[in-house]
Amino acid sequence: MAFNPVKERRYGEPKEVVARMFEEVGGIPEVMNLLELSRTRVYALADPDSSNDISYARVARLTEAGATAAAQHLAALAGGIFVPVDKADDANWLALAGEASRRNARNIAALMESLGETERSPGEVDQQEAREILKLLDEQLGTLALQRAKLATIAAGDVPPSPDVADR
């Protein structure tokens, strides 16, 4: 059972990041087990109407279990991006290129739609549109950073090129 928040959480706000972490580790039952908390307490941690906050130690525990949303969020707040380095070694060049192109197209389409004067938009990016576009852009930057990490690893001589590149 994956965590599926009922209440709206705006992208990039703390409770939205917590909700993403819950999804990344496998949902509420897994979070309950990892954090040794009741269902009610776990839901309160991601509830935008609750004053309950998750502790750093609990964020660390979820991160160790595979959730990267907090690391991504903190990296963005610090002006950077987060990409798990171990993922670069297994990355497939063609899949990365295709994914980067798809994400770039979505990002450009969202920007053009927001900047075009329509019934929905007056021709400038509003706060909600900015949050939606930031989500698309963060996904795109993650893909590009993964490409960069793979190239940097190969350039440093740390890993031989993958067979799909070496055979050409």
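Residues numbered from 1 in each chain as written. Predicted model: local features only at pLDDT ≥ 70, side-chain atom pairs only at ≥ 80, totals over all residues. Heavy atoms only, no water.

> Just to check I follow, could you spell out the overall build of the protein chain for this structure?
The secondary structure content of the protein chain amounts to 9 helices and 0 strands. Ordered by position in the sequence, the α and β elements of the protein chain form the string α-α-α-α-α-α-α-α-α. The buried share of the protein chain, taken over its 168 residues, is 33%. If you take every contact in the protein chain between residues at least 6 apart in sequence, the share linking residues at least 24 apart comes to 61%. When the accessible surface of the protein chain is split by element, carbon and sulfur atoms take 55% of a total near 10,500 Å². (Helix = DSSP H or I, 4+ residues; strand = E, 2+ residues; numbered from the N terminus. Buried < 20%, exposed > 50% of the residue type's maximum accessible area, 1.4 Å probe, protein only. Contact = heavy atoms within 4.5 Å. Areas by Shrake-Rupley, 256 points an atom, 1.4 Å probe, with all protein chains shown as cover.)

> Teacher, can you tell me more about helix H2 (residues 28-35) here?
Each α-helix winds once per 3.6 residues, and so residues spaced three or four apart point in a common direction. Listed in full, the buried residues belonging to H2 are Ile-28, Val-31 and Leu-35. The buried residues of H2 occupy an angular sector of 60° when projected down its axis, which confines them to one face. The elements touched by buried residues of H2 are helix H1 (14-24), helix H3 (39-46) and helix H4 (56-64). (Arc of directions from axis to C-beta.)

> Mind showing me how you'd approach the nonpolar core here?
The nonpolar side chains of soluble globular proteins are, as a tendency, buried together. Core analysis: the biggest nonpolar cluster contains 19 residues, and Met-21, Phe-22, Val-31, Leu-35, Leu-45, Ile-54 and Leu-62 have the highest contact counts within it. Ranked by residue count, the leading element in this core is H1, at 5 residues. When sequence neighbours within four positions are dropped, the list of residues in contact with Val-31 reads Phe-22, Val-25, Glu-36, Val-42 and Leu-62. (Core = buried A, V, L, I, M, F, W, Y, C linked by side-chain atoms within 4.5 Å.)

> What exactly am I supposed to notice about the pattern of salt bridges here?
If the charged atoms of two oppositely charged side chains come close together, the side chains can form a pair. Within this structure, the stated rule accounts for 7 salt bridges. In this structure, Asp-47 engages Lys-7 in a salt bridge whose closest nitrogen and oxygen atoms are separated by 3.0 Å. With Asp-47 in the loop between H3 and H4 and Lys-7 in the segment before H1, this pair connects stretches of sequence that are 40 residues apart. Overall, the relative accessible area of 19% leaves Asp-47 in the buried class. Classification of Lys-7 as partly exposed rests on a relative accessible area of 36%. Put simply, Glu-99 and Arg-103 hold a salt bridge, and the shortest N to O gap is 2.7 Å. Remark: Arg-103 and Glu-99 occur in helix H7 (residues 93-115); sequence separation between them is 4 residues, near one turn of the helix. For Arg-103, a relative accessible area of 18% translates into the label buried. Each member of the salt-bridge network shares a partner with another, and the members are Lys-7, Asp-47 and Asp-49. (Salt bridge = Lys/Arg side-chain N within 4 Å of Asp/Glu carboxyl O.)

> Can you walk me through unusual backbone geometry in this structure?
In most cases, non-glycine residues show a negative phi, while peptide bonds are predominantly trans. One non-glycine residue with positive phi stands out, namely Glu-36, at about 55°. Looking at where Glu-36 falls in the secondary structure, it is placed in the loop between H2 and H3. Overall, Glu-36 belongs to the exposed group, its relative accessible area being 72%.

> Please explain a nonpolar patch on the surface as it appears in this structure.
Judged by side-chain polarity, Ile-81, Leu-141 and Leu-144 come together as a nonpolar surface patch covering roughly 220 Å² of accessible area. Residue placement: Leu-144 occurs in helix H8 (residues 127-155). Given a relative accessible area of 37%, Leu-144 falls into the partly exposed group. (Patch = residues over 30% accessible without salt bridge, like charges linked within 9 Å, V, L, I, M, F, W, Y side chains within 5 Å.)

> Looking at this structure, how should I read the packing of H1 against helix H5 (residues 69-77)?
Angle between the axes and distance between the axes are the two parameters that describe a pair of packed helices. Contact pair H1 / H5: the axes reach a minimum separation of 8 Å and the direction vectors enclose 145°. Of H5, the residues touching H1 (which contributes Val-17, Arg-20, Met-21 and Glu-24) are Ala-69, Ala-70, Gln-72 and His-73. Tallied by class, the residues present in the contact of H1 with H5 amount to 4 nonpolar, 2 polar and 2 charged. (Axes fitted to C-alpha atoms, helices over the stretch in contact; angles between N-to-C directions. Nonpolar A, V, L, I, M, F, W, Y, C, P; charged D, E, K, R; others polar.)

> Looking at this model, I keep getting lost on the side chain of Asp-47. Mind explaining?
There is a polar contact of 2.8 Å between the side chain of Asp-47 and the backbone nitrogen of Asp-49. Sequence-distant contacts of Asp-47, that is, excluding residues within four places in its chain, are made with Lys-7, Arg-9 and Lys-15. (Polar contact = N/O pair within 3.5 Å; in protein donor to acceptor, adjacent residues only side chain to side chain.)

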